[in-house]
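Remarks on the overall topology
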Amino acid sequence: MGLIIALLLIIGVVLIVTGILRIGSGEDKPPQRDEESRIEVVYRVPSSRERRNRK
């Protein structure tokens, strides 16, 4: 049981250290998107008159 806890602690420390190093080096930047690849969804909101007539 102690061996499992020790391994989990070591793995956790390694992951934390590599995360800090990646942030420091700037490798963890989000990929840039093209403007054409974005899809915009527009919702039509019914007017107050349409909402009244529907009831």
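Quick summary incoming for the structure in this document.

Remarks on the overall build of the chain
Looking only at helices and strands, one finds two helices and zero strands in the chain. Taking all 55 residues of the chain together, 0% fall into the buried category. As displayed, the chain offers around 6100 Å² of accessible surface, 61% of which is attributable to carbon and sulfur atoms.

Considerations on a nonpolar patch on the surface
On the surface, a cluster of nonpolar side chains totalling about 430 Å² of accessible area is made up of Leu3, Leu7, Ile11 and Leu15. Relative to the assigned elements, Leu15 resides in helix α1 (residues 2-25).

Conventions used here
- All residue numbers here refer to positions counted from 1 along the written sequence of the relevant chain.
- Restriction of local features to residues with pLDDT of at least 70 applies here, the model being predicted, together with a cutoff of 80 or more for giving and counting side-chain atom pairs; totals for whole chains, interfaces and linings are based on all residues.
- In computing side-chain properties, one takes all heavy atoms of the structure into account and sets aside hydrogens as well as water.
- To qualify as a helix, a DSSP run of H or I must reach at least 4 residues; to qualify as a strand, a run of E must reach at least 2; elements of each kind are numbered from the N terminus.
- When accessible area is computed with a 1.4 Å probe and restricted to protein chains, residues below 20% of their type maximum are described as buried, those above 50% as exposed, and intermediate ones as partly exposed.
- Note on areas: these come from Shrake-Rupley sampling with a 1.4 Å probe, and a residue is covered only by the protein chains present in the view.
- Patch definition: residues above 30% relative accessible area lacking any salt bridge, with like charges linked at up to 9 Å and the nonpolar side chains Val, Leu, Ile, Met, Phe, Trp and Tyr linked at up to 5 Å.
- We count a salt bridge whenever a side-chain nitrogen from Lys or Arg sits within 4 Å of a carboxyl oxygen from Asp or Glu.

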